[in-house]
Amino acid sequence: MAAAADALSPSLLFPSTLTTPCLTHHHHHKPSRLILLPRSSSSSTSSSITTTTTTSSTPTPTAAKDLRMERTIPWGCDVDSLENAEALRRWLSEKGLPPQKMRIERVQVGERGLVAEKSIRKGEKLLFVPPSLVITAESEWTRPEAGAVLKRNSVPDWPLLATYLMSEASLGASSRWSNYIAALPQQPYSLLYWTRAELDRYLEASQIRRRAIERSSDVIGTYNDLESRIFSKHPDLFPEEVFNMETFRWSFGILFSRLVRLPSMDGKVALVPWADMLNHGCEVQTFMDCDNSSKGVVFTTDRAYQPGEQVFISYGKKSNGELLLSYGFVPKEGTNPSDSVELPLSLKKSDKCYSKKLEALKKHGLTGSDCFPVQVTGWSLEMMAYAYLVVSPPSMERQFEEMAAAASNKERAKKDIRYPELEEKALQVILDSCESSISKYTKFLEASGSMDLDVTSPKQLNRRLFLKQLAVDLSNSERRILYRAQYILRRRLRDMRSGELKALNLFDGFMKLFK
């Protein structure tokens, strides 16, 4: 897997206002929307994620036939295949990759990684993958006429690169990238590869389930757009046995887990063979970029490595849920300093000001129900602003706009708004959501031990046990953060209420004196 990141870290509130750095470079770029054209209501995408994929309500006949079929990806290898990875290294060396201080090894069950072959110093530059061995939207197509059609239609970089991968993969040894494609995992570990039933079963408690469904729907929608606009009109260049939903899902899975943004190449997104064998380290702060002198893709180590030690890179400041979403792994509980959990807050439909509050939220890109990140260190100022809006009375109608603006993550919005008279009620709203989420995680974790006892197929059982363990690990790490938030919220509310009680008792004492 390769370095990746896309999140804007929100400011945090607790115990004092903390601001985490905004990750604007070196990061994996996730497109905000993958869709090529605005689709009419007649072509809304399905959110089904089963292997036998459903399509939009009005698919072309070929697409409908295609998406009903179960397909296996005819290229790539087992996720821990060393043979294919070693063949890739030899080919890269022949094509100009300089001698490396790292070698490929199985680092744990089902995982490859790069391990130090020699002592590596802190601050040392590694890799030096030349530009000719990096795949970008400008890379030459083995079938140039296919690339020309996509460029004439102004296809954006992500779907263009996804189609490029499928095109090159289908050409086998005729493609100059055949060794690279042969070393890619046949089924990338990401939530794109979980069926809808698996997401519902194992990730019911986590908000990552919703994001996985949205991502899969976006990929399906992007495929449908390409298929109707381009593939179906050029079947000689894009035959459906190659350019179908399953190969497109595979290709996007590769991009989500391996594409990097290179700041020194004007922020271009790229696939970097060999470099994308590096695994993520939660404590590592180093990213890939282009080296100005050599023009190769490098990264600079932020610690020393002894021979035999695995070398790590950062995929960005991502939560455990985000790492599972794109890469299919969950770090050990408590080891990820960037871990967070998304907590939902909603307007109350019984609120007399519901429609006015909703209008203010929509104006700033929010809805009547939104999720906000909570970390061990606290929750975001945006979440606090949203909670203020939820509990604000009709007399504060003039402040609705300010609260909604602060709840959005727009740069210019004033974030640190305070309404002392609403503080207690706002914190109670956050606590209620926190405790509701905790109970969902607990219910899943208690039931997980007795799940899947009826499965008899060894292959199916292995898959389910693997997915269930990932879900259990994620649920434990997310619930741990919520337990901490629950403790902070209860303590703060207790202190506020005992302070009010003291003030009330003092007032009563004064009144008795006057009597």
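Above this text is the structure in question.
This write-up is about the structure you can find in this document. All values reported here derive from a predicted model rather than from experimental measurement.

Let's talk about the sheet that holds strand β9 (residues 288–290)
Then, number 1: Strand order in the open sheet formed by three strands is β5-β10-β9, with antiparallel pairing between adjacent strands. Lying at the two open borders of the sheet, with one neighbouring strand each, are β5 (125–129) and β9. The sheet shows a mean angle of 30° between the axes of neighbouring strands, taken without regard to direction.
Then, number 2: In the sheet, β5 pairs with strand β10 (residues 297–300) via four bridges, with the strands oriented antiparallel. When the sheet's bridge partners are listed, K125 is paired in β10 with T300.

Re the pairing of strand β4 (residues 111–116)
Then, number 1: Taking burial as the measure, the six residues of β4 include six buried ones, the bulk of the element.
Then, number 2: Alternating positions in β4 separate into two faces, E111, G113 and V115 on one and R112, L114 and A116 on the other, with burial throughout.
Then, number 3: Relative to β4, strand β3 (residues 102–108) is paired through six bridges, and the arrangement is antiparallel. Bridging across to β4, E105 finds its partner in G113.

Remarks on the packing of helix α7 (residues 208–229) against helix α8 (residues 245–258)
Then, number 1: At a minimum axis distance of 10 Å, the contact between α7 and α8 shows a crossing angle of 125°. It follows that α7 is oblique to α8 by the angle criterion. Of the two possible hands of crossing, α7 and α8 adopt the one that is right-handed. Residue-level contacts link R215, S216, V219, I220, T222, Y223, N224 and L226 of α7 to M245, F248, R249, F252 and F256 of α8.
Then, number 2: The class makeup of the residues in the contact of α7 with α8 is eight nonpolar, three polar and two charged.

Here's the deal with unusual backbone geometry
Then, number 1: Here the phi dihedral of S154 falls at roughly 55°; this positive angle occurs in a residue that is not glycine.
Then, number 2: Tracing the backbone through its elements, the reader meets S154 in the loop between α3 (144–152) and α4 (157–170).
Then, number 3: One non-glycine residue with positive phi stands out, namely K295, at about 70°.
Then, number 4: By secondary structure assignment, the location of K295 is in the loop between β9 and β10.
Then, number 5: Judged by relative accessible area, which is 51%, K295 ranks as exposed.

Thresholds, definitions, all that
Residues numbered from 1 in each chain as written. Predicted model: local features only at pLDDT ≥ 70, side-chain atom pairs only at ≥ 80, totals over all residues. Heavy atoms only, no water. Pairing = 2+ DSSP bridges. Helix = DSSP H or I, 4+ residues; strand = E, 2+ residues; numbered from the N terminus. Axes fitted to C-alpha atoms, helices over the stretch in contact; angles between N-to-C directions. Buried < 20%, exposed > 50% of the residue type's maximum accessible area, 1.4 Å probe, protein only. Parallel < 35°, antiparallel > 145°, perpendicular 65-115°, else oblique. Left-handed = near helix turned anticlockwise from the far one by under 90°. Contact = heavy atoms within 4.5 Å. Nonpolar A, V, L, I, M, F, W, Y, C, P; charged D, E, K, R; others polar.

Purely spatial values, then, with no claim about function.
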